[in-house]
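Summary of structural features
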Amino acid sequence: MLPVDDLGVRRGFQQAYGLPDKPSPEEMRRIAEPWRPYRSVGTWYMWRSLGVTLPEEGR
């Protein structure tokens, strides 16, 4: 399932596809349809395209 309500993923779509605004859930599903069955990987790439880093656990 594609996390269409995740702000980071929406911003990643916007940046990666040069969209003027954050995409709607329907637009995200349409864009991501060719990614099947690897949509979770595509989602990860959307997050990474924003340069988001997570703190290391335990530090």
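If you're wondering where the values come from, they're calculated on a predicted model, not measured in any experiment.

**Examining unusual backbone geometry**
- A cis geometry characterises the amide bond from Arg36 onward to Pro37, with omega recorded as 0°.
- Looking at the secondary structure, you find Pro37 in the loop between α2 (25–32) and α3 (39–49).

**Digging into the nonpolar core**
- Counting 10 residues, the largest nonpolar core is built from Leu2, Val4, Val9, Phe13, Leu19, Met28, Ile31, Ala32, Trp35 and Met46.
- Mapped onto this core, the elements with two or more residues apiece are α1 (7–16) and α2.
- The leading source of residues in this core is α2, at three residues.
- When neighbours within four sequence positions are excluded, Phe13 is seen to be in contact with Leu2, Gly18, Leu19, Pro23, Met28, Ile31, Ala32, Trp35 and Met46.

Rules behind the numbers
Residues numbered from 1 in each chain as written. Predicted model: local features only at pLDDT ≥ 70, side-chain atom pairs only at ≥ 80, totals over all residues. Heavy atoms only, no water. Helix = DSSP H or I, 4+ residues; strand = E, 2+ residues; numbered from the N terminus. Core = buried A, V, L, I, M, F, W, Y, C linked by side-chain atoms within 4.5 Å. Buried < 20%, exposed > 50% of the residue type's maximum accessible area, 1.4 Å probe, protein only. Contact = heavy atoms within 4.5 Å.

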